[in-house]
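Residues per chain, in single letters:
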Amino acid sequence: MNWTRKWINPVLDKEFRLRMRTPRSAISLMVYILVLGLIALGFIYVSMYLGNGGGQTRFNSGMGQIMFYVLSFAQLVLIAFMAPALTAGVISSEREKQTLSMLLTTQQSSSTIILSKLVSSLSFMALIVVATLPVYSIVFMYGGISLNQLVSLFLFYLFIMLMLGSLGVLFSTLLKRTMISVIVTYGVGLCIFLLTGLLYLFALSLVQRQNAQSVLQPDYSWVGYILGLNPAAALISLFEPSFSKQAFLVRGTTLNADAPIQLWQEFVVVYSVVIIVSLWISIRRIRPVRRRRKQAETDGTDGGATMEPVK
Amino acid sequence: MIEIEHLTKTYGSFQALKDINMYIPQGTVFGFVGPNGAGKSTTMSILATLMLPTSGTARVDGFEVTENPKEVRKRIGYMPDFFGVYDQLKTTEYLHFYGASYNIPRGERDKLIPQLLELVNLSDKADTYVDSLSRGMKQRLCLARCLVHDPKVLILDEPASGLDPRARIEMREILKELKLMGKTIIISSHILPELAEMVDEIGVIEHGQMVAQGRVADIQNRLRVKKVLHIRSLDKEEELAARLRDEPYVSGVLADNTGIHVHFGGGDEDQGALLQRIVSWGYPVLSFHEAQTNLEDVFLEITKGGPAT
Ligand SMILES: Nc1ncnc2c1ncn2[C@@H]1O[C@H](COP(=O)(O)OP(=O)(O)O)[C@@H](O)[C@H]1O
Ligand SMILES: [Mg+2]
């Protein structure tokens, strides 16, 4: 059992145990798969009986692709709802249950505590997402989707969960109350999912009006960078590389005229920074930060604002 | 073992601790007493590395709490005044979790945990889920948790609060055992008699200031707590009590069925003079002696006038 010693620290071990012992986990798993399954069934129903006056009743790969997209987006939305709920309370709930102070007086480092909390939530989310694979098997029945696409989709999901999870952990560390932390995390999630899209549309209309007036037009427009911050757009670009080109309003039809960066690449780069910064702040702030002394000591990992006594 | 120097702590503009100084030698059981809101928990969380002082230093076994928090944590077992437990864990798992969190290897924990449960009288609850334990049991479990890494110092913030008298006695017995084990214990309470028979020293804190500190007897002397004279007379006790009220140095007289209790501020000579007078008045005095002032009297005396919430 050497590997468990190495990979499973006590905090992670406890998190796993607690997570799987509450009936809530099983119920959320069930509800999640049920919702996604219903969406899949609903899609089949709509397309087979209502679509095209019964002309397209047979399975075909085109439909498989559409269904894949529908499921992928439905899942993206589900993850956006699930991730904050699962992570925005990891630290603050321990604070509210008055167990945090005792955890913080143990020998576990701040980074172990923060990262274990994150990893345990991520593992559970990954479990849920993997458990939806049977739903995707319906898509494979239609065909038109490669295994590669499925794998990159799931990796993308993992990244989204990591991003929302890190933000959840951050607010959970900074804010005293779980309720507020959850609300703030959802708020930030909403900004990432909706505001970036709206901002793009707004900027796009400005740029287009400008372009209509000017004679000389640039190879591409900066507006694409805004859309690269949007998870849905990043997801589309993952499957349709030409989407990035459209987003950046790339001129010309020559082969070498391409978007400066794929939307999903930009997305990963930008939010990797967000993830790292969020986790770094969380790790620093979970324990009180030692104020910079005059002698400028630099030996510590522990830092952060003053913490209230646990009441 | 514990050295606190010029410790202050402000919350915003509110000064919770004002220049606290404390020195607690190894093996001492130190009673940290003060009314609610005096700053006991604040001091203890600073010692437990959970909070930064605004200024001043606190050392545990030579390690400064802000400079070497990790070393300090190794040496302390901290029990907060309010704490929760992980409901979904069993008692043994609970202790395993904290044991592992202090990097104690599994094999050692397997041996240690039954001993700890034995110490806190929870052996029969080893397989019970923590949330089904009573409050007193949780309190004892938490105490066992403080002990997993065999710390030299125990910082116990009101470990007996909210317990019924029986649970309180159990807690006290355990603490006595810990004292025998040579631990340095700092234990807080806003009720003094709770600590009376087990502490070596007390420190009294009020409004963020140490008002008295030392051996209980020393404090009594230093503060010159008024004596309480206990007088019994064969009859006419009420009448005597009424006459005593007008005597010099007498600040209060209370008569009940156990006799007359006189709060007396004078010295030994004044005390002798008082007895002579009583006898000369012709009362049949059965006894006249200085009652043992208990800790509670000391406490009330020291914190007199402070708003105890
Ligand atoms: N986080 C905080 N923010 C502001 N004031 C606080 C905070 N914690 C404690 N206090 C105040 O500091 C004082 C000391 O509190 P505390 O140390 O908990 O007292 P005790 O433990 O002796 O009852 C109290 O007046 C309390 O209201
Ligand atoms: Mg307190």
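Residues numbered from 1 in each chain as written. Chains lettered and ligands numbered in written order. Predicted model: local features only at pLDDT ≥ 70, side-chain atom pairs only at ≥ 80, totals over all residues. Heavy atoms only, no water.

(A) Layout of the pattern of salt bridges. On inspection of all chains with the given rule, the structure shows 21 salt bridges over all chains. One salt bridge connects R177 of chain A with E96 of chain A, and the closest N-O pair in it is separated by 3.4 Å. Highlighted residues: R177 of chain A in the loop between α9 (147–174) and α10 (178–213) and E96 of chain A in helix α5 (residues 92–96), separated in sequence by 81 residues. A salt bridge links K183 of chain B to D150 of chain B, with the shortest nitrogen-to-oxygen separation between them at 2.5 Å. In this pair, K183 of chain B is assigned in the loop between α6 (165–180) and β8 (184–189) and D150 of chain B in the loop between α5 (135–147) and β7 (153–156), connecting sequence segments 33 residues apart. The network of salt bridges with common partners includes D61, E71, K74, R75 and K152 of chain B. (Salt bridge = Lys/Arg side-chain N within 4 Å of Asp/Glu carboxyl O. Helix = DSSP H or I, 4+ residues; strand = E, 2+ residues; numbered from the N terminus.)

(B) Here's a closer look at the sheet that holds strand β4 (residues 55–60) of chain B. Residues and elements named next belong to chain B. Read from one edge of the open sheet, 4 strands run β2-β1-β4-β5, paired in antiparallel fashion. Across the chains shown, the open sheet's two edge strands, defined by having one partner strand only, are β2 (14–24) and β5 (63–64). As paired strands, β4 and β5 are joined by 2 bridges and run antiparallel to one another. When the sheet's bridge partners are listed, V60 is paired in β5 with F63. Across the sheet, helix α1 (residues 40–47) touches β1 (2–11), β2 and β4, and the angle it forms with β1 is around 120 degrees. (Pairing = 2+ DSSP bridges. Contact = heavy atoms within 4.5 Å. Axes fitted to C-alpha atoms, helices over the stretch in contact; angles between N-to-C directions.)

(C) Region of the structure containing the domain arrangement of chain B. Taken domain by domain, chain B holds domain 1 (2–215) and domain 2 (226–302). Between domain 1 of chain B and domain 2 of chain B, the C-alpha centre-to-centre distance is 41 Å. (Domains from an automatic or database assignment.)

(D) How the structure looks around a nonpolar patch on the surface. Residues and elements named next belong to chain A. A cluster of nonpolar side chains, F140, L147, V151, L155 and L158, forms an exposed patch at the surface whose accessible area comes to about 470 Å². When residues in the nonpolar patch are grouped by element, the largest group, 4 residues, is from α9. By the secondary structure assignment, L155 is in helix α9. (Patch = residues over 30% accessible without salt bridge, like charges linked within 9 Å, V, L, I, M, F, W, Y side chains within 5 Å. Areas by Shrake-Rupley, 256 points an atom, 1.4 Å probe, with all protein chains shown as cover.)

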